[in-house]
Structure formats: structure tokens, C-alpha cells
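Take a look at the letters that make up each chain.
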Amino acid sequence: MINKIKELEKLSRLLDPKESIREQWNAEVLEYSNTFINNLDTSKAFIQSKENGKAIYNLDIEEQAVELTSLLDSTTKNIDGVGINPASGGHMGYIPGGGLYPSALGDYMAAISNRYAGVFYAAPGAVRLENMIIKWMCRLMGYPTTAFGNLTSGGSIANLMALVTAREAYNLKARDFEKSVIYLTKQAHHSILKAIRISGLSEAQLRYIPLDNNLKLSAEHLETAIIEDKEKGLIPFYINASFGTTNTGTIDPLEAIAEIAKKHKLWFHVDGAYGGFFKLVKKLDSKFKGITEADSITLDPHKTLFLPYGTGAVLIKDKENLLKAYHCLADYMQDTVGKEDEISPADISAEQTKHFRGMRMWLPLKLFGLKPFRAALEEKLNLTTYFYDEIQKLPGFEVGPEPELSVAIFRYVPKDGDANVFNRELIEAIQTDGRIFLSSTNINNVFWIRIAIVQFRTHLEQIDLLLDIIKKYIDDTSTELN
Ligand SMILES: *Cc1c(COP(=O)(O)O)cnc(C)c1O
């Protein structure tokens, strides 16, 4: 027995490498990350290839150990070298992600110490840190001290958490679902629809409220719909408003919606996954009027706070509602009860054991301070206005509504031929070039090209490059035609 244990120990100790090995691995990973970051200036924002990373299958899980060098080489080639590069300043498609360097260090530290950040009793310091960040976000949004929230893995889960919190706050049971009404617009993010299904509310009635000419929810139509639904004996329950739609960055009329929600006693949710952190830009303050009336807000630090993917946030105005929705007791957790100065994340979310994701958010916020974040967001707003103005100076281009935040849509209207086809070809050309990545969207059957300026590495240089690429394409196609 003892011999067997010792034999096993010898092998199992391989899982705890000694310092010299750790240093060698760290050096290799550091070289990989330096090369990656240093090459960002010249590497593409989007790479299509036939292989598309297939060779990663050569490194399937097997008995024998493999050298780190070959793993890093394969990562560079098969993972980093294909698809969209979210770390690139040229990424302006969808809603770009971030990747602040100190967040990588924060993840590293969190993984090394592996603090049990779900439960105060187990990791009081870690829970305090995360709660401090949550309270900062609540203050930023203008919420009262009764508010609280949770760091999630992303905006979709935050939207799901808000809906479940509302469902429980309203005491809705299965028998009520088909009478419950959820109000949203066609511009709402599709994660709202996912949340409805996952939360068991598929049978609830969805009311798509008409949009005004600027693609904003029409508050007037909202109130009419609620009144009609009440008359039918239904339960108007939840309003989803967008602070920055994914399509066009549009902000729904929060103040008017808040008033209606209050009057008719509906839960008012604001999806600020893309737009919420623009609160850091003081000149945008007035756009946020009414947000403090929301019962819940979704934010997404891995978008407009430039964190790497894996961090969203939900804020709930009355923390009792969070506890009501998620708090659960278990015999084997009895040691933790009554020993809490702070609410444990495990008591207000679906998670128990969880990533200590506060460290990846706290470290950059503290190391940089808020100033550069405010500046970067304001810079992105101005870059969007700059692009919006410049593209209109090019003959043949037309634009969508004036950008409220950092998303704009535009298209070329050719003298002859189908505009949708032309713009599809234009975006394909931009994507094939790959130095800049843009995506497209469809609004009322019109094909629009979208620009979303959110990556912290996007500066004037990338916008001018994009304008050059577009100009060249138009010049080349018109010479072809002549
Ligand atoms: C991105 C986004 C979401 C979803 O967030 P994820 O972090 O991708 O899960 C929800 N709503 C809006 C408005 C978004 O832009």
C-alpha cells in the first residue's frame, strides 16, 4: 500500500512543478504574449483561411506530456492566426472586445491563489473586493445604497439574471406565465429572447413595441399596449429597454419608460451591455436620465470597460429581490451562515463555486485609475462622429441615424444596380483585406454596413485606414465599370 502511494505520489507531484520549471514556462508564455502584443500593429483584424485552425486537432488529449513550446506554436498558428482578432484595434465589427493587459495578470493571480470567491466565509477579502466593485458600478449608475449586483460571465447571463430576479419578485408561477407580458422592441439583443426561454417564460406573451424613426422604443405605443393588455386580463410584467442597441447604438427613452413602468407597476430593465459604461463620459450624463428608476441594469465590462471576455455585470436596485431569487440554504454550508459582513455571490446568483473574476477588473481600474477609461470612451465617441462625417463626404455614401454612442451604420448607393448586393460585396472586400474588420446588419430589408468603435486599441489611425480602404474599393470598382 505505502509503496503504491509513494509511486503514485511521484507521478502526482508532476502537477506541482518546481520553481525552475515555472520560471521557464512563465518566460515562454511571456515571450508569446509580448510577440502577440508587439505584432498587433501589423497583424490583421480578420483572417479567413482554408485550414481555419484544424491542425489544433493534432493536439488532442493524450497520456503523454507535450512541451510548452509546441503548444504555444500551435496556439499562435491555429487559434490566434484565424478568425477575428478581438485584441486588434482594427476590430470594429459586432461589439468588439477588449483585453487589457492587467486583466491577464489579474486572472493569473486569481488562478494562482484560487480564492473561493463565492462565499464570504471562505474568502472574505476576495468577496469584499468583488462587492466593492459592484458597489462602484451601482454608484456610477446613480443607484441608491439598497442596490446590489453580481459579476457574471457576460451580458447574456446578466440579462437572464435580471429576468429571473423579476420573475421571482413578481411571484410569477407556471400558471401565470401565459398571462404574463414582456415588452421589448425588435432592436432588443437576442440574449433577451434566450433569457425568456431559459427562465421558463417561453409561454409569456411578447409585445414588440413599434420603433420611432430613430429606431427607439415608442413610449406612447408602450403605454397603449400595457393598458390594452390589462384590459384583457393579462399581467404586464417586464419592460426591456436598451441603453445602446447592438445594431445602431440607439438609446431608448428611459425617462418616459420609467414613468410608464412606475405607473403600471412593471419591472423596468435596462440592457446597457454595450452602452452602460459610457456613463464614465461626463458629457453623456443627460442621456442616462431615468436609468436610476430602472429595477435592473445589465453592464458588460468585457465590452466598454475593455476587459478580456468573461466579465459581465447585473445590478438590481433592491438587493432583497436578488436574495429572494437566488438565496438557498444547504446543511453542508452551515458553517458559513451568520458569519458574513458582506453578501456572498453564491447567495445572489446561480453560481456556487466561481471564478474570482473581480481581480481581472479591479487590477486595471486601480493600476490605470479612471481617467484613461473616461478618455478612451470619449475618444471612441469622437472617432465615431469623425467617421460618420467623413464617410458622408465620399460621393455615393449614405448614413443611418446620427450615432448616439460609438456605433454607426452606412452604405453605398450605386447609381445603377442593387445597393444591397453592392454593399455585401463591399463588406466582403473589407473582410478579405482583413486589416479592418466590420460586420453588417439588416434594418427593414436594407443591408447596412456597421462600424462599432469599442476596442481600446482603435485610434484615429485605424479609422483613416478604413476610410482609405473604402475609397480605394470605390475607385477600383468605378474604374472597372468605365
Ligand atoms: C453584447 C450584448 C449583450 C450580450 O452580452 P454578452 O456579453 O455577449 O453575453 C446583450 N445586450 C446587448 C445590448 C449587447 O450589446
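Model, not experiment: these values are computed from the prediction. The residue numbers shown here count from 1 along each chain, following its written sequence. The model is predicted, so local features are restricted to residues of pLDDT at least 70 and side-chain atom pairs to those at 80 or more, both for listing and for counting; the totals for chains, interfaces and linings are taken over all residues. No hydrogens and no water enter the side-chain calculation; it runs on all heavy atoms of the structure.

### Observations regarding the overall build of the protein chain
For step 1, the next point in the chain: The secondary structure content of the protein chain amounts to 16 helices and 13 strands.
For step 2, the next point in the chain: In this description the radius of gyration comes from C-alpha coordinates, and the expected globular size is given by 2.2 Å times residues to the power 0.38. Taken over the C-alpha trace, the protein chain has a radius of gyration of 25 Å; the compact-globule value for 482 residues is 23 Å, and the two agree within 12%.
For step 3, the next point in the chain: Its C-alpha atoms give the protein chain principal-axis dimensions of roughly 85 × 60 × 40 Å.
For step 4, the next point in the chain: Looking at the 482 residues of the protein chain, the share that counts as buried comes to 50%.
For step 5, the next point in the chain: Excluding contacts between residues fewer than 6 apart, the proportion of contacts in the protein chain whose partners are at least 24 apart in sequence is 76%.
For step 6, the next point in the chain: Counting only carbon and sulfur atoms, one obtains 53% of the accessible surface of the protein chain, whose full area is about 24,400 Å².
For step 7, the next point in the chain: The convention is simple: Lys and Arg are positive, Asp and Glu are negative, and His and the chain ends are not counted. Positions of charges follow a simple convention, taking NZ of Lys, CZ of Arg, CG of Asp or CD of Glu. Here the protein chain holds 54 positive side-chain charges and 62 negative ones, and the gap between their average locations is 4 Å. What counts as a helix is a DSSP run of H or I of at least four residues, what counts as a strand is a run of E of at least two, and both are numbered from the N terminus. Whether a residue is buried, partly exposed or exposed follows from its accessible area with a 1.4 Å probe, protein chains only, as a fraction of its type maximum: under 20%, in between, or over 50%, in that order. Any two residues having at least one pair of non-hydrogen atoms within 4.5 Å are treated as being in contact. Residue exposure ignores everything except the shown protein chains as possible cover, and the areas themselves are Shrake-Rupley values with a 1.4 Å probe.

### Section: the environment of Thr185
For step 1, the next point in the chain: Tracing the chain through its elements places Thr185 in the loop between strand 4 (180-184) and helix 8 (190-198).
For step 2, the next point in the chain: Residue Thr185 is classed as buried on the basis of its relative accessible area, which comes to 3%.
For step 3, the next point in the chain: Here the alpha-carbon distance between Thr185 and His221, two residues 36 residues apart in the chain, equals 11 Å.
For step 4, the next point in the chain: Once you skip the residues sitting within four places of it in the chain, Thr185 turns out to touch Tyr208, Ile209, Leu211 and Leu217.
For step 5, the next point in the chain: Contacts described as polar in this section are N or O atom pairs within 3.5 Å, which, within protein, must combine one atom able to donate a hydrogen with one able to accept it, while residues neighboring in sequence count only if both atoms come from side chains. Reaching out from Thr185, the side chain makes a polar contact with the backbone nitrogen of Gln187 at a distance of 3.0 Å.

### As for the site of the ligand
For step 1, the next point in the chain: Summary of the distance rule: residues count as near a molecule or strand when at least one heavy atom falls within 4 Å of that molecule or strand. Near the ligand you find 15 residues, and of these Ser156, Asp271, Asp300, His302 and Lys303 are the closest.
For step 2, the next point in the chain: For the ligand, an oxygen atom lies 2.8 Å from a polar atom in the backbone of Gly155.
For step 3, the next point in the chain: A distance of 2.7 Å separates an oxygen atom of the ligand from a polar side-chain atom of His302.
For step 4, the next point in the chain: When the free accessible area of the ligand is taken as 380 Å², the share hidden by the protein chains comes to 86%.
For step 5, the next point in the chain: Listed by contribution, the elements that provide at least two residues to the shell around the ligand are helix 6 (155-169) and helix 11 (301-304).
For step 6, the next point in the chain: Sorting elements by how many residues they give to the shell around the ligand places helix 6 first, with three residues.

### What about the pairing of strand 12 (residues 439-443)?
For step 1, the next point in the chain: Of the two faces of strand 12, the one lined by Ser439, Thr441 and Ile443 is fully buried and the one lined by Ser440 and Asn442 carries no buried residue.
For step 2, the next point in the chain: Judged from the five bridges that link them, strand 12 and strand 13 (residues 446-452) form a sheet pairing that is antiparallel. Residue Ser439 lies in a different strand from strand 13, and its bridge partner there is Arg450.
For step 3, the next point in the chain: From the end of strand 12 to the start of strand 13, which pair antiparallel, there are two residues, and Asn444 there has a positive phi angle of about 50 degrees. At least two DSSP bridges between two strands are required for those strands to pair.

### Focus: the pattern of salt bridges
For step 1, the next point in the chain: The salt bridge criterion pairs a side-chain nitrogen of Lys or Arg with a carboxyl oxygen of Asp or Glu, the two atoms within 4 Å. For the structure shown, the criterion picks out 23 salt bridges.
For step 2, the next point in the chain: Between Arg167 and Glu168 there is a salt bridge whose closest N-O contact spans 3.0 Å.
For step 3, the next point in the chain: Accessibility expressed as a relative area gives 17% for Arg167, which makes it buried.
For step 4, the next point in the chain: On the accessibility criterion, Glu168 (19% relative accessible area) is buried.
For step 5, the next point in the chain: Bridged by salt links that share partners, the residues Arg207, Asp229 and Lys232 form one connected network.

### Some remarks on the sheet that holds strand 3 (residues 148-152)
For step 1, the next point in the chain: Taken together, the seven strands give an open sheet; going across it, the order is 3-9-8-7-6-4-5, and neighbouring strands pair in mixed fashion. Single-partner strands in this sheet number two, and they are strand 3 and strand 5 (205-208). Within this sheet the neighbouring strands show an average axis-to-axis angle of 20 degrees, counted without direction.
For step 2, the next point in the chain: The sheet contact formed by strand 4 and strand 6 (residues 235-242) spans four bridges and is parallel. Looking at strand 6, one finds that Ser180 is bridged to Ile235. Axis lines are fitted through C-alpha atoms, for helices just across the contact stretch, and the angle between N-to-C directions can take any value from 0 to 180 degrees.

### Side note on the packing of helix 6 against helix 8
For step 1, the next point in the chain: Where helix 6 contacts helix 8, the two axes come as close as 9 Å, and the packing angle between them is 50 degrees. The angle between helix 6 and helix 8 places the two elements in the oblique class. Here helix 6 runs over helix 8; the crossing is right-handed. Packed against helix 6, whose contacting residues are Ser156, Asn159, Leu160 and Leu163, the element helix 8 presents Ser191, Ile192, Ala195, Ile196 and Ile198 at the interface.
For step 2, the next point in the chain: Taken together, the residues of the contact of helix 6 with helix 8 break down into six nonpolar, three polar and no charged. Here roughly perpendicular refers to angles of 65 to 115 degrees, roughly parallel to angles under 35, roughly antiparallel to angles over 145, and oblique to all remaining angles. Note on convention: near helix rotated counterclockwise from far helix by under a right angle means a left-handed crossing. Clockwise means right-handed. When residues are grouped by polarity, Ala, Val, Leu, Ile, Met, Phe, Trp, Tyr, Cys and Pro land in nonpolar, Asp, Glu, Lys and Arg in charged, and all others, Gly among them, in polar.

### Quick notes on the side chain of His264
For step 1, the next point in the chain: In this structure, His264 sits in helix 10 (residues 254-264).
For step 2, the next point in the chain: Reaching out from His264, the side chain makes a polar contact with the side chain of Glu223 at a distance of 2.8 Å.
For step 3, the next point in the chain: Among the polar contacts listed, one links the side chain of His264 to the side chain of Lys230, at a separation of 2.9 Å.
For step 4, the next point in the chain: Aside from chain neighbours lying at most four places away, what touches His264 is Glu223, Ile226, Ile227 and Lys230.

### As for the pairing of strand 7 (residues 267-272)
For step 1, the next point in the chain: Here strand 7 lies mainly inside the structure; six of its six residues are buried.
For step 2, the next point in the chain: What you see with strand 7 is no split at all: Trp267, His269 and Asp271 on one side and Phe268, Val270 and Gly272 on the other are buried throughout.
For step 3, the next point in the chain: As defined by bridge partners, strand 6 adjoins strand 7 across five bridges and the pair is classed as parallel. From the neighbouring strand, Ala241 faces strand 7, where its bridge partner is Val270.
For step 4, the next point in the chain: Look down the strands so they point away from you; if going from the first strand over the helix to the second traces a clockwise path, that crossover is right-handed. Read as a crossover between parallel neighbours, the route from strand 6 over helix 10 to strand 7 is right-handed.
For step 5, the next point in the chain: Alignment of strand 7 against strand 8 (residues 296-299), held across four bridges, turns out to be parallel. In the strand pairing of strand 8, Gly272 is matched with Leu299.

### A short note on the nonpolar core
Nonpolar side chains tend toward joint burial in soluble globular proteins.
For step 1, the next point in the chain: By convention a nonpolar core is built from buried Ala, Val, Leu, Ile, Met, Phe, Trp, Tyr and Cys residues, the set being connected through side-chain atoms within 4.5 Å. Core analysis: the biggest nonpolar cluster contains 96 residues, and Met137, Phe277 and Met361 have the highest contact counts within it.
For step 2, the next point in the chain: Apart from residues no more than four positions distant in its own chain, Met361 is found in contact with Ile133, Trp136, Met137, Leu151, Phe277, Pro301, Leu305, Leu307 and Thr311.
For step 3, the next point in the chain: Core analysis: the next-biggest nonpolar cluster, separate from the first, contains 28 residues, Ile427, Leu467, Tyr473 and Ile474 among them.

### Things to note about the side chain of Arg411
For step 1, the next point in the chain: Within the fold, Arg411 resides in strand 11 (residues 407-412).
For step 2, the next point in the chain: Judged by its relative accessible area of 14%, Arg411 is buried.
For step 3, the next point in the chain: Among residues more than four places away in sequence, those in contact with Arg411 are Gly396, Phe397, Glu398, Ala419, Asn420, Asn423, Val446, Phe447 and Trp448.

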